[in-house]
Amino acid sequence: MSDEMIEAGVVVEPGVFAVQSRPKPTDVPEGWVLIDILAVGLCGTDYHILEGKHPYLNYPRVIGHELSARVVADGNGFKAGDLVVVNPYLACGTCRACQRAKPNCCYNIEVLGVHRDGGLTPQIAVPKQNLYPADGLEPIEAAMVEFLAIGAHAVNRPEVGQGDRVLVTGVGPIGIGAALFARLRGAEVSLLDLSPERLKMAADKFGFTSGFDSVDAAIAATDGEGFDTVFDATGHPAAIHAGFAAIAHGGTYVLVSVVKDDITFSDPEFHKREMRLIGSRNALKADFDWVMSAFRDGLISSEALCSSLLSLDELSERFSDLAADRADLIKVIVKVQD
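This section reports on the structure supplied with the text. (Residues numbered from 1 in each chain as written. Predicted model: local features only at pLDDT ≥ 70, side-chain atom pairs only at ≥ 80, totals over all residues. Heavy atoms only, no water.)

Right, let's talk about the nonpolar core for a bit. Counting 92 residues, the largest nonpolar core has Ile35, Leu148, Phe181 and Leu305 as its most contacted members. Ranked by residues supplied to this core, first place goes to helix H3 (residues 139-156) with 11 residues. Leave out the neighbours within four places in its chain, and Ile35 touches Ala69, Arg70, Val71, Val72, Val84, Val86, Pro122, Gln123, Ile124, Val126 and Leu131. (Core = buried A, V, L, I, M, F, W, Y, C linked by side-chain atoms within 4.5 Å. Buried < 20%, exposed > 50% of the residue type's maximum accessible area, 1.4 Å probe, protein only. Helix = DSSP H or I, 4+ residues; strand = E, 2+ residues; numbered from the N terminus. Contact = heavy atoms within 4.5 Å.)

Here it is as structure tokens:
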């Protein structure tokens, strides 16, 4: 670290966010790359950290894990000025999961902005393998890649295909991501949410006109047969339990959201349907690549996804209000520097 100071967005303790001065990083470990952060997307995790609801976090914490950046200097396979997307999941590389090419569920995973300080600051260093070239993208698009990659990964888990009947429950950012990429795979996508406003937003912004406010209504629309794949992105145990009934015979239930509670289900119903139950965690490089390709091909609109573009100082003023009322938000982007 140097004597030069830079600003950072810090959740000091639950309910308290501040812009603080931190030493500018100078000592970069071998194999790590110094990057200038351009834009940061705010995630549900960041709101939970502010609210004191995150179980794996020590305060104070520099938040921010949805990051776009430019490389500071030549080296490690990059050129100065290269636009990159940051994969915020720092894997150990040696555990069983990592050895099996599943670093997204590494035993010893550390997530930027959660287990260690994140990127809501002008400059950080990250391992070279966690940087993906973002040629052809705008910095705002690049800052959206990580959250969309979570939805893309969820879609890749059950191998959704052409003509599949898909239901996504929970029309938040992750649910929208899963819906968008399921549709890109050729699936017939329906949405379920208790909020008529969010269903209308999804129809108006993204063209998802098949929306329901209850599991029963969704099942009825399939003549009682159910859906080939259901993605849960609600984060609510009751909604997860209810979703089992929506799975068609031979279908798959993908749990994208995670809850602290135990999840139970009827074993006879599970076996009768030869159902698959799949967890989906974080994302892999292939998922990041798919999202970036979709942006380059004009298949995803960052304009539709971006609810608000703020400076760090503006976030300091509005963060608590944003956390208190997220009903109309998809993605808030904090512009750190040009």
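This part is about the pairing of strand E2 (residues 16-23). Pairing analysis gives 8 bridges linking strand E1 (residues 5-13) to E2, with the strands arranged antiparallel. Across the sheet, residue Val10 finds its bridge partner in E2, namely Ala18. If you look at the hairpin formed by E1 and E2, you'll find 2 residues sitting between the two strands, and Gly15 has a positive phi there, around 90°. (Pairing = 2+ DSSP bridges.)

Bridging between strand E17 (residues 306-310) and strand E18 (residues 331-335) involves 4 bridges; their strand directions are parallel. Among the inter-strand pairings, Ser308 is bridged to a residue of E18, identified as Val332. Remark: the E17/helix H11 (residues 312-324)/E18 crossover connection has right-handed handedness. (Right-handed = clockwise from strand over helix to strand, strands pointing away.)

All right, on to the side chain of His153 then. Looking at where His153 falls in the secondary structure, it is placed in helix H3. In this structure His153 comes out as buried when scored by relative accessible area, which is 6%. A polar side-chain atom of His153 sits 2.7 Å from a polar atom in the side chain of Asp287. (Polar contact = N/O pair within 3.5 Å; in protein donor to acceptor, adjacent residues only side chain to side chain.)

Attention shifts here to helix H1 (residues 44-51). Restricting attention to buried positions, one finds in H1 the residues Thr45, Asp46, Tyr47, Ile49 and Leu50. Where H1 is buried, its residues contact E1, E2, strand E3 (32-41), H11 and E18. With its phi angle positive at about 75°, Gly52 sits one or two positions after the end of H1.

Turning our attention to the sheet that holds strand E14 (residues 227-232). Spatially, the 6 strands line up as an open sheet ordered E13-E12-E11-E14-E15-E16, and their pairing is parallel. At either margin of the open sheet sits one strand with a lone partner, and together these are strand E13 (211-212) and strand E16 (276-279). Across 4 bridges, strand E11 (residues 165-169) lies against E14 in parallel orientation. Bridged to Leu167 within E14 is Val230. Relative to strand E12 (residues 188-192), helix H4 (residues 173-184) is tilted by about 165°, and along the sheet it contacts E11 and E12. (Axes fitted to C-alpha atoms, helices over the stretch in contact; angles between N-to-C directions.)

Tallying each qualifying case throughout the model produces 13 salt bridges. Salt-bridge contacts for Lys24 lead to Glu4; the nearest nitrogen and oxygen are separated by 3.7 Å. In this pair, Lys24 sits in the loop between E2 and E3 while Glu4 sits in the segment before E1, placing the two residues 20 residues apart along the sequence. A relative accessible area of 46% means that Glu4 is categorised as partly exposed. (Salt bridge = Lys/Arg side-chain N within 4 Å of Asp/Glu carboxyl O.)

Let's shift gears to H3. The end-to-end C-alpha distance of H3 is 25 Å, a good match for the 26 Å that 18 residues give at a rise of 1.5 Å each. The largest bend in H3 amounts to roughly 40° and is located at Glu146. Among the 18 residues of H3, 15 are classified as buried, and the element is accordingly described as predominantly covered. (Expected span 1.5 Å × (residues − 1). Bend = angle between axes of the 7 residues up to and from the residue.)

This paragraph deals with the packing of H3 against helix H9 (residues 285-296). Relative to each other, H3 and H9 sit at 120°, their axes nearing to 7 Å. With respect to H9, the element H3 is oriented oblique. Two packed elements cross with a definite hand, and for H3 against H9 that hand is right-handed. Here Glu141, Met144, Val145, Glu146, Leu148, Ala149, Ala152, His153, Val155 and Asn156 of H3 come into contact with H9, specifically with Asp287, Phe288, Trp290, Val291, Met292 and Phe295. Its residues assigned to classes, the contact of H3 with H9 comprises 11 nonpolar, 2 polar and 3 charged. (Parallel < 35°, antiparallel > 145°, perpendicular 65-115°, else oblique. Left-handed = near helix turned anticlockwise from the far one by under 90°. Nonpolar A, V, L, I, M, F, W, Y, C, P; charged D, E, K, R; others polar.)

Mapped onto the secondary structure, Gly161 falls in the loop between H3 and E11. Separated by 22 residues in the primary sequence, Gly161 and Arg183 have C-alpha atoms spaced 9.1 Å apart. Aside from chain neighbours lying at most four places away, what touches Gly161 is Arg185, Gly186 and Ala187.

Two strands in a sheet stick together by hydrogen bonds in their backbones, pointing the same way (parallel) or opposite ways (antiparallel). Taken together, 3 strands build an open sheet; the order of strands is E2-E1-E4 and the sheet is antiparallel. This sheet does not close on itself; its edge strands, each paired only once, are E2 and strand E4 (61-62).

Below, the discussion takes up the side chain of Ser195. Relative to the elements of secondary structure, Ser195 occurs in the loop between E12 and helix H5 (196-206). Side-chain polar atoms of Ser195 contact the side chain of Glu197, separated by 3.2 Å.

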